[in-house]
Amino acid sequence: MSSVDIDAKIPNNVDLAGDRRLQRALEQWQPKFIRWWEDLGPSAFKRNQVYLRTAINVGRDGWANFDHVEMPDYRWGVFLAEQDPDRTIAFGEHKGLPAWQEVPGEYRSELRRLIVVQGDTEPASVEQQRHLSLTAPSLYDMRNLFQVNVEEGRHLWAMVYLLHRYFGRDGRDDADEMLERHSGDPDNPRILGAFNEETPDWLSFFMFTYFTDRDGKYQLASLRESAFDPLSRTCDFMLKEEAYHMFVGASGVGRVVQRTVELMHQHDTDDIHQYGGINLDLLQKYINFHYSVSLDLFGAETSTNAANYFGAGLKGRYQEEGRDDDHVLANATRLVPSVEDGVISQREVSQLVALNETLREDYTQDCRKGLERWNRALAASGIDTKLELPHIGFNRQVGAFSGYEVSPRGRLVDDDQWAKQVDSWLPTDGERAHVTSLMRGVTEPGKMASWVAPPAQGIHQQPLDYDYVRT
Ligand SMILES: [Fe+2]
Ligand SMILES: [Fe+2]
């Protein structure tokens, strides 16, 4: 059954009331989550009223409610997309068989691992962003930050539900550990490297939501294909919320580009730092950094784990069902990038081991769309600079390019050349300091910081000068 119990202690559409043991266990985890939120969630405006979207259902329309709420009172719930009773497995060795409603014993540890790794990123990003509200460029933006934060919190709930419901004692321990690892903690860090770096400023936040949250979108989309139906349905619903996080990043960077252009025209110069803006070449360096770090999250080009996950039906490709091949890939091959004899080239491998690369390519395609939009805006205002994605080998720590230095244009360089040119490719300390110097909180409704243009419209039909956060 999947009717919504919205008034329960933990709002849900998974009939928690019908499973008292599970309900009790999750109700015991709930205060630990709240304590974590109070300790490591947003460090300011903790008890202000924020105009937030809350998931209340999973239907096609009306799945969310908008209202002012104090964040610790946010109704974090467990929602799975509607079950399709006829769903079959779309790929791998078990293709065509009914999707699993329980965890097969032989895949228990792999599934658990996939869920833990995904789950760990959700609270990690909240921790990374916890100080940003102090320097929000507007109340509109502060609200968006908090919206992303509470939904990442709900995504943690989504994974914790699966761990509690399907993985017994191990799963309950995993759920507790989600709140014990902390971003940047030297003794007990978050699982993935990129989630241990602080998000130091709002330009980084917009870049993070554009590039790094988008990695999350692709991971969720490939888990949505999973033969384990509850995981698939969970991810399906998370992707609805995730779409807004992508919007925050895409529109955020777009508004910075717009403001940069305005200042360039107004002062008739490319160097607008003295006028409280961010130069286009610095935006390019931020793109170089965030894109390359996010590429690493997909893992090495070839991976037997990825092949095993696919073969077993645990993790598919992006939009698996829309692809016109046999969805088994037993004999299929493809090219992956490699570096051989000091030259960037390609080598042929089986598609099964190259699934990380396949997902990364889909991600890159998606990233390009934003750049095209920003470049159209630049061209429309008569500026011929183009923002670009750097070469996939640039600044990589994982996979074929780790151990090599590659320029943004895709040229292998030696350590000397790298050291000489890195300041023109990645933000320097001085440039980061400039961005930091622009970060002053603006808390008057409708007002906007100097370095970013106002959004095209408000949230949920509210005006731009609405009190998105009541201060
Ligand atoms: Fe998330
Ligand atoms: Fe997200």
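Here, every reference points to the structure presented above.
Looking at the overall build of the protein
- If you tally the helices and strands in the protein, you get 11 helices and seven strands.
- For the protein, whose C-alpha radius of gyration is 23 Å, the value lies close to the compact-globule estimate of 23 Å for 471 residues.
- Residue burial in the protein is summarised as follows: out of 471 residues, 44% are buried.
- Pairs at least 24 apart in sequence give 68% of the contacts found in the protein among residues at least 6 apart.

Points about helix α9 (residues 355–380)
- Between its first and last C-alpha, α9 extends 38 Å over 26 residues, near the 38 Å set by a 1.5 Å rise per residue.
- Those residues of α9 lying buried are L355, N356, E357, T358, L359, R360, Y363, G370, W374 and L378.
- Buried residues in α9 make contact with α5 (202–223), α6 (229–267), α7 (280–296), α8 (304–312) and β3 (333–340).
- In the stretch just after α9, G382 is the one whose phi turns positive, near 80°.

Here's the deal with the nonpolar core
- Residues V160, M207 and V256 are the most contacted members of the largest nonpolar core, which totals 108 residues.
- Element by element, the count of residues in this core is highest for helix α3 (residues 139–166), at 15 residues.
- When residues no more than four places from it in sequence are discounted, the contact partners of V160 are W29, G119, A175 and M178.

Re the packing of helix α2 (residues 108–128) against α3
- Running from N to C, α2 and α3 point in directions that differ by 155°, and their axes come no closer than 8 Å. The pairing of α2 with α3 is recorded here as roughly antiparallel in orientation. The handedness of the crossing between α2 and α3 comes out as left-handed. Here I115, Q118, G119, E122, P123, S125 and V126 of α2 lie close against α3, whose contacting residues are N149, E152, G153, H155, L156, M159, V160, L162 and L163.

A short note on the pairing of strand β1 (residues 49–55)
- Counting buried positions along β1 yields five of seven residues, so the element is predominantly enclosed.
- Where β1 lies against strand β2 (residues 64–70), seven bridges are found, and the strand directions are antiparallel. Residue pairing in the sheet places R53 in a bridge with F66 of β2.
- Two elements, β1 and strand β7 (residues 469–470), share two bridges in a ladder whose sense is antiparallel. Counted as the bridge partner of Q49 is R470 from β7.

Some points on unusual backbone geometry
- The phi dihedral of H327 is positive, around 65°, even though this residue is not glycine.
- Along the chain, the position of H327 falls in the loop between α8 and β3.
- Residue H327 is classed as partly exposed on the basis of its 19 C-beta neighbours within 10 Å.
- Although it is not a glycine, Q461 sits at a positive phi angle of roughly 65°.
- Residue classification places Q461 among the exposed positions, given that 8 C-beta atoms sit within 10 Å.

Details of the sheet that holds β1
- Read across the open sheet, the three strands follow the order β2-β1-β7; overall the sheet is antiparallel. With one partner strand each, in any of the chains shown, β2 and β7 form the two edges of the open sheet.
- Strands in contact with α3 are β1 and β7; relative to β1, the strand with the most contacts, it is inclined by about 40°.

Conventions adopted
Residues numbered from 1 in each chain as written. Chains lettered and ligands numbered in written order. Predicted model: local features only at pLDDT ≥ 70, side-chain atom pairs only at ≥ 80, totals over all residues. Helix = DSSP H or I, 4+ residues; strand = E, 2+ residues; numbered from the N terminus. Rg over C-alpha atoms; globule rule 2.2 N^0.38 Å. Buried ≥ 20, exposed ≤ 12 C-beta atoms within 10 Å, placed from the backbone. Contact = placed C-beta atoms within 7 Å. Expected span 1.5 Å × (residues − 1). Core = buried A, V, L, I, M, F, W, Y, C linked by C-beta atoms within 7 Å. Axes fitted to C-alpha atoms, helices over the stretch in contact; angles between N-to-C directions. Parallel < 35°, antiparallel > 145°, perpendicular 65-115°, else oblique. Left-handed = near helix turned anticlockwise from the far one by under 90°. Pairing = 2+ DSSP bridges.

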